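# Breakdown of the fold
Single-letter residue listing:
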Amino acid sequence: MLTIAALTCKEVVRRRILLVTIVLAAAFLSLYGIGVHYGYQDMGGSQYAGPMSALIAPMFLSLGLYFGSFIIAFLAVMAAVGSVSGEIENGVINAIVPSPVRRVDIILGKFIGYSLMLSVFSSLFYAAVLLIVRYNTGLHLPVKAGAITLFCLQPVVLLAVTMFGSTFLSTLANGIACFMLYAVGVVGGMLEQIGTLVNSQMLVNIGIVSSLLMPADSVYRKIVFNLLSAPGSSMSYMMLGPFGSYSEPSVWMLVYTGLYIVIFLALASLIFSRKDI
Amino acid sequence: MVIETDGLTKMYCQKVGCSEICLNVGEGQIFGFLGPNGAGKSTLVKILVGLLFPTAGSARILGKPLGDQGVRRKIGFLPENFRYQDWLTGVELLSFHGSLYGLRGAEKTRRIRQVLERVGLGDKGRQKVGSYSKGMQQRVGLACALLPDPELIFLDEPTSALDPLGRREVREIMLDLREKGKTIFLNSHLLSEVEMICDRVAIINKGNIVKEGPLGKLLAGAVEVEMVAGNITQKMVDELSALGSLLKVKGNTIRLSLRETGDIPVVAEIVVNNGGRLFSLNTRQNSLEDLFVDLVKEGGADKC
């Protein structure tokens with residue numbers, strides 16, 4: 001299993017998946033940093049500087065984390081979309097499956113490799129966003145291991161589904177399905193926030209269902225709430241519109257997310273273990 | 001027995017992959033597995049190495065049922081459509097495969113060097129697999145199959161991408177492995193290659209084994225005779241046909257395939273006894289190609 005995990009990490013590096021993502025992330029962070037810097041500086045001269053400054057820094061933070069989640073989600077899907085189907089299509093797996101390694105270990109090894117790479121990338125991205133906001137706005141947020149862990153958990157949720165799809169869908173079909181599912185989670189999460197704001201139970205329910213289908217967005221809401229509801233912080237998490245979190249997703253949502261990952265991994269292992277190659 | 005299959009069957013919905021395959025492959029031999037395209041050769045190999053699951057029947061490899069993890073350590077496999085991680089170097093690819101087979105440290109390094117030398121890639125190990133020619137990729141695939149020093153090696157068209165020199169080298173490797181007591185299951189289209197090195201062969205057609213046995217025995221009986229005779233009569237032709245199968249009667253030339261080598265003098269007797277004049281009689285031992293073509297045309301099957 002660890003041999004497969006090590007090969008997966010090497011693949012991400014050698015095939016320049018990580019390099020491309022790092023370059024794009026650097027471009028995003030540069031743009032983001034410039035935006036935060038000038039946005040906050042120019043706002044200092046306006047008449048609303050006082051009341052706005054308490055709101056604008058958390059808004060910049062949530063924007064950074066929200067679009068950062070997008071980038072990392074893309075990395076998760078693009079890296080793993082052909083993890084099984086692609087190797088079956090090109091025949092690489094034909095030399096691996098007959099070796100004395102169980103098929104379930106191939107799935108778990110790949111999952112561990114991708115998860116490790118995504119977690120390192122997510123942690124660095126998270127730290128970069130927090131540093132940019134802190135340096136430019138002075139918003140001081142405590143370093144919370146829980147928030148970092150949750151930020152790393154988001155792509156892992158998507159990874160589990162992508163690997164599951166890769167065991168029975170073609171690479172292209174799996175990529176489309178996973179992005180659509182991610183979009184369902186994102187749009188549902190936004191509708192839920194709007195529903196809470198306008199007191200629409202229907203929108204809230206749509207958000208709950210979409211979170212059950214793809215819980216990555218709930219994890220993001222948990223991070224935002226967790227970060228911006230710290231003692232001493234403003235209540236601005238309630239004023240971030242669709243990027244914020246009006247109510248904290250419960251611990252049970254995290255339990256569900258954990259089970260979601262385990263179930264999709266188990267299904268991926270089961271399907272692959274019975275698959276004719 | 002190294003390989004024993006009993007009624008091994010694979011169906012793809014209504015289509016037959018292979019049907020009721022009963023094979024026994026003994027230790028230390030090169031077993032040739034032949035068949036036309038789509039006959040089920042690769043299907044059987046894929047079942048035996050664990051890529052496909054049989055629909056019915058059973059098989060034992062090295063005395064254990066299919067899929068046994070311990071046995072897999074003793075099996076090497078070169079797939080027909082060989083593709084490897086092109087972003088790895090030859091050495092890295094072998095190191096990865098070595099780790100899958102539990103090889104570690106100095107032992108792994110030694111084996112990698114040994115197999116790279118054996119397949120003629122001793123100085124190409126640091127190059128990326130993606131930069132290899134197709135023939136070199138097949139060689140590195142063969143190196144992967146040989147790396148764990150397996151007792152049983154499945155080679156699915158192992159020389160398809162090689163030039164004549166490369167084919168000769170691979171043949172020498174196979175013969176060398178047999179010398180060391182290894183068993184080789186060779187799946188090949190190249191009948192001349194099979195004829196040169198195999199101890200036993202099985203021929204599969206439309207998913208069924210149509211002939212199986214020691215190569216020498218399969219070829220020993222059948223012999224082709226071509227003769228030039230005068231005064232050929234219908235009675236003479238009928239009597240000759242009873243000895244085997246008549247292939248051609250044209251003018252003074254008769255060509256027929258005999259079941260037994262011992263019938264050659266009988267052919268001369270029939271011609272003379274029927275008032276014919278025998279001018280020449282040449283014999284030719286049937287080749288594997290002749291046997292293959294006859295069997296595939298007939299399409300009969302040896303059932304378990």
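Residues numbered from 1 in each chain as written. Chains lettered and ligands numbered in written order. Predicted model: local features only at pLDDT ≥ 70, side-chain atom pairs only at ≥ 80, totals over all residues.

## Considerations on the overall build of chain B
From N to C terminus, chain B includes 11 helices and 14 strands. Principal axes of the C-alpha set define a box for chain B whose edges measure 80 × 45 × 30 Å. Counting over 304 residues, chain B shows a buried share of 41%. Restricting to contacts in chain B with at least 6 residues of sequence separation, those with at least 24 account for 70%. (Helix = DSSP H or I, 4+ residues; strand = E, 2+ residues; numbered from the N terminus. Buried ≥ 20, exposed ≤ 12 C-beta atoms within 10 Å, placed from the backbone. Contact = placed C-beta atoms within 7 Å.)

## A word on the overall build of chain A
Summing up its helical and strand segments, chain A has 10 helices and 0 strands in all. Walking chain A from its N terminus toward its C terminus, one meets helices and strands in the order α-α-α-α-α-α-α-α-α-α. In terms of overall dimensions, chain A is globule-like: its C-alpha atoms have a radius of gyration of 20 Å, near the 19 Å expected for 277 residues. With the C-alpha coordinates of chain A rotated into their principal frame, the extents come out at 70 × 40 × 30 Å. Taking contacts inside chain A between residues at least 6 apart in sequence as the whole, the part at least 24 apart equals 80%. (Rg over C-alpha atoms; globule rule 2.2 N^0.38 Å.)

## Some words on the confidence of the model for chain A
Mean pLDDT over chain A stands at 87; residues scoring 70 or higher make up 92%. Looking over chain A, one finds the lowest element-wise mean pLDDT in helix H3 (residues 49-80) of chain A, namely 84, and the highest in helix H10 (residues 251-273) of chain A, namely 95. (pLDDT = per-residue confidence, 0-100.)

## With respect to unusual backbone geometry
All names here are of chain B. A positive phi angle is found at Asp149, which is not glycine, with a value near 55°. Examined against the element boundaries, Asp149 turns out to sit in the loop between helix H5 (134-146) and strand S7 (152-156). The phi torsion at Asn231 lies on the positive side, around 55°, for a residue other than glycine. Looking at the secondary structure, you find Asn231 in the loop between strand S11 (223-230) and helix H9 (234-241). On the neighbour-count criterion, Asn231 (12 C-beta atoms within 10 Å) is exposed.

## Let's talk about the packing of helix H1 (residues 2-14) of chain A against helix H5 (residues 103-137) of chain A
Residues and elements named next belong to chain A. Close contact between H1 and H5 brings their axes to 7 Å; oriented N to C, the two are set at 45°. Looking at the two axes, H1 sits oblique to H5. Here the hand of the crossing between H1 and H5 comes out right-handed. Here H1 contributes Leu2, Thr3, Ile4, Ala5, Ala6, Thr8, Cys9 and Val12 to the contact with H5, which in turn contributes Asp105, Ile106, Gly109, Lys110, Ile112, Gly113, Tyr114, Leu116 and Met117. When its residues are assigned to classes, the contact of H1 with H5 shows 11 nonpolar, 4 polar and 2 charged. (Axes fitted to C-alpha atoms, helices over the stretch in contact; angles between N-to-C directions. Parallel < 35°, antiparallel > 145°, perpendicular 65-115°, else oblique. Left-handed = near helix turned anticlockwise from the far one by under 90°. Nonpolar A, V, L, I, M, F, W, Y, C, P; charged D, E, K, R; others polar.)

## Considerations on the sheet that holds strand S6 (residues 75-78) of chain B
Residues and elements named next belong to chain B. Pairing in this open sheet of 6 strands is mixed, and the strands run S6-S7-S8-S3-S9-S10 from one edge to the other. Every interior strand has two partners, whereas the edge strands, S6 and strand S10 (208-214), have only one. The sheet shows a mean angle of 15° between the axes of neighbouring strands, direction not considered. Bridge analysis of S6 against S7 gives 4 bridges, and the strand direction is parallel. Among the inter-strand pairings, Leu78 is bridged to a residue of S7, identified as Leu155. Taken strand by strand, helix H6 (residues 164-179) contacts strand S3 (30-34), S7 and strand S8 (183-187), and its axis lies near 150° from that of S8. (Pairing = 2+ DSSP bridges.)

## Side note on the environment of Leu247 of chain B
All names here are of chain B. Mapped onto the elements, Leu247 comes out in strand S12 (residues 244-250). Residue Leu247 is classed as exposed on the basis of its 12 C-beta neighbours within 10 Å. Taking C-alpha positions, Leu247 is 6.8 Å from Ser257, a pair spaced 10 residues apart along the chain.

## Details of the sheet that holds strand S13 (residues 253-258) of chain B
Each strand in a sheet pairs with another by means of backbone hydrogen bonds, the pair being arranged parallel or else antiparallel. All names here are of chain B. Strand order in the open sheet formed by 4 strands is S12-S13-S11-S14, with antiparallel pairing between adjacent strands. The open sheet has two edge strands with one neighbour each: S12 and strand S14 (277-285). Here the average twist between neighbouring strands, direction ignored, is 15°. Two elements, S11 and S13, share 6 bridges in a ladder whose sense is antiparallel. Directly across from Val228, in S13, lies its bridge partner Thr253. Sitting on the sheet, H9 touches S12 and S13, and the angle it makes with S12 is about 145°. Its contacts with the sheet place helix H10 (residues 264-273) against S11, S13 and S14, and it is angled at close to 160° to S14.

## Some words on the pairing of S8 of chain B
Residue and element names in this part refer to chain B. Taking burial as the measure, the 5 residues of S8 include 5 buried ones, the bulk of the element. The two faces of S8 match: Thr183, Phe185 and Asn187 on one face and Ile184 and Leu186 on the other face are all buried. In this sheet, S8 lies alongside S3 in parallel orientation, the contact comprising 4 bridges. If you follow Phe31 over to S8, its bridge partner there is Phe185.

## Examining the nonpolar core
By size, the foremost hydrophobic cluster in this structure holds 142 residues, and its most contacted members are Ala76, Leu158 and Leu159 of chain A together with Ala143 of chain B. Counting residues in hydrophobic clusters, the runner-up holds 13 residues, among them Ile232, Met236, Leu240 and Ile270 of chain B. (Core = buried A, V, L, I, M, F, W, Y, C linked by C-beta atoms within 7 Å.)

## Digging into H5 of chain A
The end-to-end C-alpha distance of H5 of chain A, which contains 35 residues, comes to 50 Å, matching closely the 51 Å that a straight helix rising 1.5 Å per residue would cover. Of the residues trailing H5 of chain A, Gly138 of chain A is marked for its positive phi of about 80°. (Expected span 1.5 Å × (residues − 1).)

## Side note on H5 of chain B
For an α-helix, the turn length of 3.6 residues means that residues three or four places apart are oriented alike. Between its first and last C-alpha atoms H5 of chain B spans 19 Å; for 13 residues at 1.5 Å apiece the expected length is 18 Å, and the two agree. Where H5 of chain B is concerned, the buried positions are Met136, Gln137, Gln138, Arg139, Val140, Gly141, Leu142, Ala143, Cys144, Ala145 and Leu146 of chain B.

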